[in-house]
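Residue strings, one per chain:
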Amino acid sequence: MKLCWVTTADHDEDWFIVATSPEEASKFHENMEGYDPGEAEAEEVLYISENVSAETGWPSDELLLAVDANFLINDQSRVVEIAGRKFCEGLLAATIDEINDDIFEQSCEGRLNQTRKPSLH
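Residues numbered from 1 in each chain as written. Predicted model: local features only at pLDDT ≥ 70, side-chain atom pairs only at ≥ 80, totals over all residues. Heavy atoms only, no water.

### Quick notes on the sheet that holds strand E6 (residues 85-88)
At step 1: The strand order across the open sheet formed by 3 strands is E4-E5-E6, and the pairing between neighbours is antiparallel. Among the strands making up the open sheet, the edge pair consists of strand E4 (70-74) and E6. Averaged over neighbouring strand pairs, the angle between their axes works out to 20° when direction is ignored.
At step 2: Taken together, the 4 bridges between E4 and strand E5 (residues 78-82) define a ladder with antiparallel strand orientation. Directly across from Asn70, in E5, lies its bridge partner Glu81. (Pairing = 2+ DSSP bridges. Helix = DSSP H or I, 4+ residues; strand = E, 2+ residues; numbered from the N terminus. Axes fitted to C-alpha atoms, helices over the stretch in contact; angles between N-to-C directions.)

### Considerations on the sheet that holds strand E2 (residues 15-19)
At step 1: Strand order in the open sheet made by the 3 strands is E2-E1-E3, with antiparallel pairing throughout. Edge positions in the sheet fall to E2 and strand E3 (41-47), since each has one partner strand and no second. The mean inter-strand angle of the sheet, taken between neighbouring strand axes irrespective of direction, is 35°.
At step 2: Pairing of strand E1 (residues 2-7) with E3 involves 6 bridges; the strand directions are antiparallel. Among the inter-strand pairings, Leu3 is bridged to a residue of E3, identified as Leu46.
At step 3: Its contacts with the sheet put helix H1 (residues 22-33) on E1, E2 and E3, and the angle it makes with E3 is roughly 125°. (Contact = heavy atoms within 4.5 Å.)

This is the structure in C-alpha cells:
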C-alpha cells in the first residue's frame, strides 16, 4: 500500500489517502468527497511498510504516526510533516465548524465545536 497526497483545484478536502496507486487514491477521493472524475490529483508520498496495517481509505492518525509523520498542528485543520515536506489539510470542514460556532455563540449556546473566535486584527 502507498500513502498518497490528494488535492483538488479548490483545496477544500485535500488530505491523505491510502491506496495501491495514485490513480486509485484519486478515484477514492472523487467518489467519497463528491468530485467529478478527473478533478482530483494524487501523488505517492511513501510506500507503507508491510509491518504497518493499512487499508484503502483515509489514514488514521495512528497510521500516519507509524510512517513517521509529525503533526505540526492537530487542530481544526491538520498540518503534517513527512520526510521534510509539509502537508496542510483542506479547510472546508474547519470553516463549517467555525461558522456553526459563530451561530451557536449568537444563540448563547457557546462555541460547541470549540473553534477559536475569529480575530478582528
